Amino acid sequence: MADVDIKPLNWTPDPDIGYTVVRRSDGGMHYTFTDIKPATLKHWRTFALEHLLNADRLTRNLYDVRQVEHISAEAIQYAVEVNSDPSARNIRLAVVVAGDEVRQAIQEIDYLTNPSGVEMAIFTDLEEAEAWLDRPLTLLV
């Protein structure tokens, strides 16, 4: 994909939130979370929903939550809301976790997400997540 086809990220780092995001070479986003405090959740929700407003293509996103030890009920609720947005049907999402508690919370998010929402898989290995994301996007259809 040529650089001109990649949409702008519109991301400004903020030291008061517990995540960063960079644009992937395939046009998707790579999020890295260090915490999911209320300020982080609020910022992420706003950022994610803004990006879904103009979603116009199949996208591969990676969430690295290996530094997160616990996912709150509020975080699960926000994630289900974002993942169930009609525009999320165009997203393949790989989530990389470090422990069983976080894996179970991500599985709950996947279970509660509208069936026509995001296609999600959970991994403990970053390379395996990347390999899954690299599958042809036509498999989503």
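Everything below is about the structure shown above.
Caption draft 1: Molecular detail of the packing of aromatic side chains. Throughout the structure, instances matching the rule amount to 10 aromatic pairs. For the pair tryptophan 11 and tyrosine 19, a centre-to-centre distance of 4.9 Å together with 50° between the ring planes defines the contact as tilted. Comparing tryptophan 11 with tyrosine 19, the two get one shared label, buried. Centroid distance tryptophan 44 to tyrosine 63: 6.3 Å. Interplanar angle 85°. Geometry classified as edge-to-face. On the criterion of sequence distance, the pair formed by tryptophan 44 in helix H1 (residues 38–53) and tyrosine 63 in strand E3 (residues 59–64) is long-range, its members being 19 residues apart. You can call tryptophan 44 buried: its relative accessible area is 6%. Positioned over the ring face of tyrosine 78 is arginine 45, at 5.6 Å from the centre of the ring. Across the ring face of tryptophan 132, the terminal group of arginine 92 is positioned such that the distance to the ring centre comes to 5.4 Å.

Caption draft 2: The environment of alanine 73, seen in detail. If you trace the backbone, alanine 73 turns up in helix H2 (residues 73–83). On the basis of relative accessibility, which here comes to 64%, the residue alanine 73 falls in the exposed class. Between the C-alpha atom of alanine 73 and that of alanine 105, which follows or precedes it by 32 residues, the distance is 8.7 Å.

Caption draft 3: A look at the sheet that holds strand E1 (residues 19–23). Spatially, the 5 strands line up as an open sheet ordered E1-E2-E3-E4-E5, and their pairing is mixed. The open sheet terminates on both sides in strands that have one partner only, identified here as E1 and strand E5 (119–123). Each strand axis lies, on average, 15° off the axis of its neighbour in the sheet, ignoring direction. The strands touched by helix H4 (residues 126–133) are E3, strand E4 (91–96) and E5; relative to E4, the strand with the most contacts, the crossing angle is about 170°.

Caption draft 4: View of the pattern of salt bridges. In the structure shown here, the tally under the stated rule is 6 salt bridges. The shortest N-O distance in the salt bridge between aspartate 26 and arginine 24 comes to 2.9 Å. Each member of the pair aspartate 26 and arginine 24 is classed as buried. For arginine 135, the salt bridge is made with glutamate 119, and the minimal N-O distance between the two is 3.3 Å. Linking arginine 135 in the segment after H4 with glutamate 119 in strand E5, this pair joins segments that are 16 residues apart in sequence. Classification of glutamate 119 by relative accessible area gives partly exposed; the value is 26%. Taken together, the shared-partner salt bridges in this structure form one network comprising Arg24, Asp26 and Glu130.

Quick notes on the rules
Residues numbered from 1 in each chain as written. Predicted model: local features only at pLDDT ≥ 70, side-chain atom pairs only at ≥ 80, totals over all residues. Heavy atoms only, no water. Phe/Tyr/Trp six-rings, centres within 6.5 Å; stacked < 30°, edge-to-face > 60°. Buried < 20%, exposed > 50% of the residue type's maximum accessible area, 1.4 Å probe, protein only. Helix = DSSP H or I, 4+ residues; strand = E, 2+ residues; numbered from the N terminus. Lys NZ or Arg CZ within 6 Å of the ring centre and 35° of its normal. Pairing = 2+ DSSP bridges. Axes fitted to C-alpha atoms, helices over the stretch in contact; angles between N-to-C directions. Contact = heavy atoms within 4.5 Å. Salt bridge = Lys/Arg side-chain N within 4 Å of Asp/Glu carboxyl O.

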